[in-house]
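The lines below spell out each chain.
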Amino acid sequence: MPTDGLWSRLKLWLANGVIVVIVAMVVCDAMPFSPDAWQAAVVPVINGLGIGQGRWTMFSPPDGENHRLRAELTLRDGRILDWQSPDLTRQSTWQRFVGHRRSEYVDNAIVFGKQYPETWEVLALRLREQYGREGHDVVLVRIIVEQATIPPPSGSNWPPRTKEFPFEGQVAIRRKFP
Amino acid sequence: MTVLRQLPVRLAAAWNGFFHGPLDLRVCALVRIAYAALVLIWLAVFYPDLARWFSEDGVFPLIVARKATPGGAWTVLALLPPGNFWLTAAWAMAFVQALLLLVGFGSRLNAAAVFVWVVSFANRNALILDAEDTVFRLIGFYLILMPCGACWSVDGWIRSRNTGPNGTRSVPATVAPAWGLRLLQIQMCVIFLSAALCKLQSAAWRDGTAMYYVARLDDYFGRFPTPDVLWQTPWIVALITWVTIAVEFAIPLAIWWPRARRWALVAALLFHLANEYTMHLFLFHWIMLAGWASFLCGDDLDAIGRWCSQRGPAGRAS
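In short, a report on the structure. (Residues numbered from 1 in each chain as written. Chains lettered and ligands numbered in written order. Predicted model: local features only at pLDDT ≥ 70, side-chain atom pairs only at ≥ 80, totals over all residues. Heavy atoms only, no water.)

1. A word on unusual backbone geometry
To keep things clear, this is the line we draw: For the purposes of this entry, the term helix denotes a DSSP run of H or I that reaches at least four residues, the term strand denotes a run of E that reaches at least two, and both are numbered from the N terminus. Each residue is assigned to one of three classes by its accessible area relative to the maximum for its type, calculated with a 1.4 Å probe on protein chains only: buried under 20%, partly exposed between the two thresholds, exposed over 50%.
A cis amide bond links S60(A) with the next residue in sequence, P61(A), at an omega value of -5°. With respect to the element layout, P61(A) can be found in the loop between α2 (36-48) and β1 (65-75). Residue F59(A) is not a glycine yet carries a positive backbone phi of 65°. If you trace the backbone, F59(A) turns up in the loop between α2 and β1. One non-glycine residue, W152(B), adopts positive backbone phi at about 50°. In this fold, W152(B) is placed in the loop between α7 (131-144) and α8 (154-161). Residue class for W152(B) comes out partly exposed when judged on its relative accessible area of 43%.

In structure tokens:
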């Protein structure tokens, strides 16, 4: 059956082509030793395939800060309401599991919000809508990013893991509503 | 000269043996079942907050989300008509297709569909993503390239009941070319090697203090209790830091050596379970273990089966 033989050979070569292309792209995208230009070249293709991954940095370098988000909502009558992202240290394992995306949102929004303030604009709008549904007329939203820096270790006995480091707030956005 | 002349032939034979040699179909089935079960949990956790994360009324409307999306990335959620009904319908379809993948019905087709959904949900909101979402996309992709529904599946059961033209039952396949599974194996090693090499570029990992910082990150660390002395004593912290790098280097290298493969798999299992014990990383370690399961072979599955049957009710009775 020459046709069968040809078809099998064709399938084999096709599979080999797929293997070579995928492995080459994955290595260029993921390995830190691959030149940035190579990575930049494969990114659109590998993302188009849905397997873009970038370098697997995984805590390298480790983040030296803990984060929280807070918002102050000023009502038309002058009262101020406080909104706070969850204090993760007080949540149960189950709450942390089902609320995993919320804690990711806080972490990533702080990074992304520095570059794209629209992130905070939308959050301010949603908070106003949320409190509006509860009958509050919000006229001003201040979103505050709170960061606690983990001090570098020194000496021979380091502070306990559970020691709380002081949080400092920085206003990310101040959004007025008519 | 003869050796040189034979080199391309030998290389081609080695390549073909590695990528196109036979593979125990139960391994693909195991990866499929583990993956689909984890996708179901992954999707279920999205459900209460679907509108918050993925709708135009949520915290990340498309116009903002597109700025965070890397070049080439796509999401079918962008094509949905406005309104939460369609979003919920898309989620429900993804859930049903993951269920079908779990039981192995229309396996390759549903593997492709689940991959499209996973990519779409992940690419729609980059603000809620973590490394595990990348692993979900990756395993989903390689699963499409594997004969994942030939065994331990409704597809396999239907095929085994089909009778041929002369009334004979078809014999279920037990082996298939390995290349889809091999790609997943290579991918798992790339993840660990990349992580280890990135750590070597970081001063905190090199000087042994990285785990001091990691242990004090309140969004990740402190799932279950650990002795304080582990994270307060410089030499112990340094040891944990360097052992982490060593493990990330050693597993992807040792796992290809037949004599060390089982030990490397045990090390990977312990590494991920230890991390799962100490850290809140959602499904990261479980999806990684699903990926490492691709390194199991038929003998391992037989051994696990024997071990289970000896300790099961029937085994204990005899």
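2. A few points about helix α14 (residues 258-278) of chain B
All names here are of chain B. Keep this limit in mind: Helix span, as expected, comes to 1.5 Å for every residue beyond the first. The contact definition used throughout considers only heavy atoms, calling two residues in contact when any of these lie within 4.5 Å.
Its 21 residues give α14 an end-to-end C-alpha distance of 31 Å, which sits within 8% of 30 Å, the value for a rise of 1.5 Å per residue. Along α14, the residues classified as buried are A260, R261, A264, L265, A268, F271, H272, N275, E276 and T278. Contact partners of the buried residues in α14: α9 (179-200), α13 (234-254), α15 (284-292) and α16 (298-311).

3. Quick look at the interface of chain A and chain B
As a reminder of what qualifies: By buried area we mean how much accessible surface two parts lose on assembly, using a 1.4 Å probe and totalling the loss over both. A side-chain nitrogen of Lys or Arg and a carboxyl oxygen of Asp or Glu constitute a salt bridge if their distance falls within 4 Å. In the analysis that follows, any N or O atom pair within 3.5 Å is treated as a polar contact, provided that within protein one partner can donate a hydrogen and the other can accept it, and provided that, for residues neighboring in sequence, both atoms belong to side chains. Note that Gly is not counted as nonpolar here; it falls among the polar residues with everything else outside the nonpolar set of Ala, Val, Leu, Ile, Met, Phe, Trp, Tyr, Cys and Pro and the charged set of Asp, Glu, Lys and Arg.
Contact residues are listed per partner, giving 69 residues for chain A and 83 residues for chain B. Taken together, both faces of the contact between chain A and chain B bury some 6700 Å²; the carbon and sulfur share is 65%. Together, W56(A), R101(A) and R161(A) form the three largest contributors to the area buried by chain A at its contact with chain B, with a combined 14%. Joining chain A to chain B, the criterion identifies 4 salt bridges. The partner of D133(B) in a salt bridge is R101(A), and the shortest N-O contact between them spans 2.8 Å. At the surface where chain A touches chain B, the tally comes to 31 residue pairs in polar contact (both at pLDDT 80 or more). Sorting the residues of the side of chain A that touches chain B by element identifies α1 (2-30), α2, β1, α3 (93-98), α4 (100-115) and α5 (118-133) of chain A as the ones contributing at least two each. With 10 residues, α1(A) is the largest single contributor of residues to the side of chain A that touches chain B. Counted by class, the side of chain A that touches chain B contains 39 nonpolar, 18 polar and 12 charged residues.

4. Structural notes on the packing of aromatic side chains
Residues and elements named next belong to chain B. Our working rule: Geometry of aromatic contacts follows a simple scheme: Phe, Tyr and Trp rings, the Trp one being its six-membered ring, pair when their centres are within 6.5 Å, and the pair is stacked under 30 degrees between planes, edge-to-face over 60, tilted otherwise. Consider the ring centre and the ring normal. A charge sits over the ring if Lys NZ or Arg CZ is within 6 Å of that centre and within 35 degrees of that normal.
All chains considered together, the criterion is met by 29 aromatic pairs over all chains. Each member of the aromatic cluster is reached from another via a ring pair, and the members are W15, F18, F19, F192, W256, F271, W292 and F295. Cation over ring: R52 sits above W53, and NZ or CZ is 5.8 Å from the ring centre. Looking at K199, its charged tip hangs above the ring of W205, at a distance of 4.9 Å from the centre.

None of the figures reported here should be taken as evidence of function without further support.
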